[in-house]
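# Structure at a glance
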Amino acid sequence: MSDILIVDDERDIRELISDILGDEGYATRLAANSEDCMREINTEPPALIVLDIWLKDSKMDGIDILKTVKRDNPDVPVVIISGHGNIEIAVAAIKQGAYDFIEKPFNIDQLLVVISRAMEAAKLRRENMELRRRDVTTAEMIGGSTAFKGLKSQLEKVTKSNGRVMLSGPSGAGKEVAARFIHAGSTRAGAPFMSINCASVEPERMEEVLFGRETAERGVEPGLLEQAHGGVVFFDEVADMPSGTQSKILRVLVEQQFQRVGGADKVRVDIRVISSTSRDLMAEIQAGRFREELYHRLNVVPIEVPALEERLEDIPVLAAHFIDEFHRSQGLPKRELSSEAEALLQTMPWPGNVRQLKNVIERVLILGDGTGPIEARELPTVEAEAGSGSGLSLSGSIATLPLREARELFEREYLLTQINRFGGNISRTASFVGMERSALHRKLKSLNVVTTNRGGARVARIQDHETDEA
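Please read these numbers as outputs of a predicted model, since none were measured by experiment. (Residues numbered from 1 in each chain as written. Predicted model: local features only at pLDDT ≥ 70, side-chain atom pairs only at ≥ 80, totals over all residues. Heavy atoms only, no water.)

### Side note on a nonpolar patch on the surface
Together, F410, Y414 and F432 make up a nonpolar patch on the protein surface, roughly 290 Å² of accessible area in all. Relative to the helices and strands, Y414 resides in helix α18 (residues 403–421). (Patch = residues over 30% accessible without salt bridge, like charges linked within 9 Å, V, L, I, M, F, W, Y side chains within 5 Å. Areas by Shrake-Rupley, 256 points an atom, 1.4 Å probe, with all protein chains shown as cover. Salt bridge = Lys/Arg side-chain N within 4 Å of Asp/Glu carboxyl O. Helix = DSSP H or I, 4+ residues; strand = E, 2+ residues; numbered from the N terminus.)

Put into structure tokens, the structure is as follows:
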């Protein structure tokens, strides 16, 4: 996209415009009819097209070419010229997406100003899209746990293909970050990444949002699929897609084309689709809420994104990353976590997963004291979140037990938490709790606590004698 394509059936006009633009430093290509024009565009899309409305000996007139260009190469600006200009033609051209309309015989200065503005507008539009893609959500994967390494290894395997990927996992676990990581490492990295949360769009607006629309008043308004041409569309929480839209998306995946709402022309797109869900799609299929054919089209490569509780040892590095991010983006204090704060974060429940951790870090940086290390007392505890005040309270079950049984129950839960916090690493657990490794092994055996592999990671659990012996 570095030159200007001039399309006119009059040779003198073509060459005149070419000479004028050449004197201004533009490279040009020439086409005398619609066949030559489409051949040049398909070979290499130009930076801009100067297009005559009336083309002799052509299968398509200028409006037909304009429609095709706006469908297949929407970023290419088109300036319409005509010796038979009238208001109706000009309005029709603008509604179909032309940048401007110039009547022959044209003023050279006017032509140059329009072309310069059209090129600048297209450049700004591309830069704006690039900034939007960078700004919304990072594609950086943060972590070092076994579960995280397994996830990243799977993602790296699918980046270079065009296969459709289904990311499953709980809300807030980082499914969109994983999708952006796939996009950033793919051959489509320079093309758009368009994300749509299917749960946040009203069902009656979903098709306009995805497919765009055409109206007499506003002309063509491209949807997300059209804007994503050449790149990636990410369907977040795809289980919430309306059933009527599901059948149309299925057709898009098969045909790679669709019609805008209110339009008659087919719009061809080249897109890669990545989806995510926090729900059991097979259960949704059984309940009649999700199309089985669409599931199989989307679920070509299934990848599970682990919950934060499965990668507790990543919490310190994630927290440090968020602190640095908030310092850069909002000017919040760049503070470190104290060891006590790290330990508390790694033992807290995280139903909201990584998103919840990010919110907690932001809250602490906004409301915290000074610029020194973040202390455990600054973190919101489960009791504080529930409004139950400070201090340690006993659960009903433990309060009814004799001291020996209560102590055994506490030790079991405490060691289970610490082992899982350190990713099943017994040496690190022993160091933190202040025990010799051999003594910790004896204690775990007496408490019936064992470590096993789950999803490639070591986790602690209470031994079930009947199951284990079987």
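### Topic: unusual backbone geometry
With the exception of glycine, most residues fall at negative phi, and the peptide bonds are largely trans. Note that the residue after K104, namely P105, is joined by a cis bond; omega there is -10°. Structurally, the position occupied by P105 is in the loop between β5 (100–103) and α5 (108–136). Even without glycine at this site, E237 takes up a positive phi of about 55°. Looking at the element boundaries, E237 is found in the loop between β10 (232–236) and α10 (243–255). One non-glycine residue with positive phi stands out, namely N353, at about 60°. Along the chain, N353 turns up in helix α15 (residues 353–367). What makes N353 buried here is its relative accessible area of 3%. (Buried < 20%, exposed > 50% of the residue type's maximum accessible area, 1.4 Å probe, protein only.)

### Details of the packing of aromatic side chains
The full count for this structure, using the stated rule, is 3 aromatic pairs. Between F211 and F258, the ring centres sit 5.4 Å apart and the planes meet at 40°, which makes this aromatic pair tilted. You can see F211 sitting in helix α8 (residues 206–211) and its partner F258 sitting in strand β11 (residues 257–259), a full 47 residues away along the chain. Exposure class is identical for F211 and F258. Each is buried. Ring geometry for F410 against Y414: centres 5.8 Å apart, planes inclined by 20°, an arrangement best described as stacked. (Phe/Tyr/Trp six-rings, centres within 6.5 Å; stacked < 30°, edge-to-face > 60°.)

### Structural notes on the sheet that holds strand β7 (residues 193–197)
A sheet is described by the order of its strands in space; here 5 strands give the open sequence β7-β10-β13-β6-β14, paired in parallel fashion. The sheet terminates laterally at β7 and β14 (301–304), the two strands that pair on one side only. Direction aside, the axes of adjacent strands within the sheet are offset by 20° on average. Bridging between β10 and strand β13 (residues 272–277) involves 4 bridges; their strand directions are parallel. Within β13, the residue paired with F235 across the bridge is S275. (Pairing = 2+ DSSP bridges. Axes fitted to C-alpha atoms, helices over the stretch in contact; angles between N-to-C directions.)

### So, a negative patch on the surface
Negative charge collects at one region of the surface, where D19, D23, E24 and D109 lie side by side. Mapped onto the elements of the fold, D23 is located in helix α1 (residues 11–23). (Lys, Arg positive; Asp, Glu negative; His and termini not counted. Charge placed at Lys NZ, Arg CZ, Asp CG, Glu CD.)

### Quick notes on the pattern of salt bridges
Under the defined criterion, the tally for this structure stands at 28 salt bridges. Here K248 ties to E207 by a salt bridge, and the two come within 2.7 Å at their closest N and O atoms. Separated by 41 residues along the polypeptide, K248 in helix α10 and E207 in helix α8 bring together distant segments of the chain. Here R291 makes a salt bridge to E293, at a shortest N to O gap of 3.1 Å. Residue R291 is classed as partly exposed on the basis of its relative accessible area, which comes to 29%. By relative accessible area, E293 is classed as partly exposed at 43%.

### Some points on helix α7 (residues 175–184)
Because an α-helix packs 3.6 residues into every turn, residues spaced three or four apart end up facing the same way. Taken across its 10 residues, α7 has 7 buried, putting it largely inside the fold. When we look at burial in α7, the residues that qualify are K175, A178, A179, R180, F181, I182 and H183.

### Some details on helix α4 (residues 87–95)
Along α4, the positions that sit buried rather than exposed are I89, A90 and A93. Looking down the long axis of α4, one finds its buried residues gathered within 100° of arc, a one-sided arrangement. Set apart from the buried face of α4 by more than 90 degrees, the exposed residues are I87 and E88. Among the structural elements, α3 (62–72), β4 (78–82) and β5 are those in contact with the buried residues of α4. Downstream of α4 by one or two residues, G97 has phi in the positive range, about 110°. (Arc of directions from axis to C-beta. Contact = heavy atoms within 4.5 Å.)

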